[in-house]
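Listed below, chain by chain, are the residues.
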Amino acid sequence: ETAGTQGESKAIEAIQIEGGYAKDILAQYKLYLETTGETNLAKCGEVSGSVGLSRDAQAILIECNVPIKYRAYCQKKKWSKWMKNGEWAGVKGEGLRLEAVQIKKASK
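Residues numbered from 1 in each chain as written. Predicted model: local features only at pLDDT ≥ 70, side-chain atom pairs only at ≥ 80, totals over all residues. Heavy atoms only, no water.

Asker: Could you give an account of the packing of aromatic side chains, naming the residues involved and the relevant values?
Answerer: For the structure on display, the rule yields 1 aromatic pair. Above the face of the Trp82 ring, Lys69 is positioned so that its terminal group lies 5.9 Å from the ring centre. The ring of Trp79 carries the charged tip of Arg71 above its face, separated from the ring centre by 4.4 Å. (Phe/Tyr/Trp six-rings, centres within 6.5 Å; stacked < 30°, edge-to-face > 60°. Lys NZ or Arg CZ within 6 Å of the ring centre and 35° of its normal.)

Asker: Describe the environment of Ile62, with residues and values.
Answerer: As for its placement among the helices and strands, Ile62 is situated in strand β7 (residues 57-64). On the basis of relative accessibility, which here comes to 2%, the residue Ile62 falls in the buried class. Spatially, the C-alpha atom of Ile62 lies 9.0 Å from that of Leu41, the residues being 21 residues apart in sequence. When residues no more than four places from it in sequence are discounted, the contact partners of Ile62 are Ile17, Gln28, Tyr29, Ile68, Tyr70, Lys84, Asn85, Gly86, Glu87 and Ile103. (Helix = DSSP H or I, 4+ residues; strand = E, 2+ residues; numbered from the N terminus. Buried < 20%, exposed > 50% of the residue type's maximum accessible area, 1.4 Å probe, protein only. Contact = heavy atoms within 4.5 Å.)

Asker: I'd love a proper account of the side chain of Ser48, names of residues and values included.
Answerer: Of note, Ser48 is situated in strand β6 (residues 47-49). A polar contact is formed between the side chain of Ser48 and the side chain of Thr39, at a distance of 3.0 Å. Excluding its chain neighbours within four sequence positions, the residues that come into contact with Ser48 are Glu13, Ala14, Ile15, Tyr29, Lys30, Leu31, Thr39, Asn40 and Ala42. (Polar contact = N/O pair within 3.5 Å; in protein donor to acceptor, adjacent residues only side chain to side chain.)

And the structure:
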């Protein structure tokens, strides 16, 4: 599924990722925000980003203990390629808002 919107000019400002039904899935993640840069790593269930401060996210990085891949939908750039654990998806420092994110389990 997709978190966020595609082509509606609505920015992601914060994200909260849950481990899903499997209790042994552990993830940490951070966003790159327009005015403040990288956030600290957040763990499953924690919020990363800004809430109510109008700071658009521009990119996301996710680290997980199981193989995953993820991509980001960015203003003017559309969908990024599928990224692996620990890689930035989106466009850092170009002023383009992150509008949606997709995450899925990857084969080993």
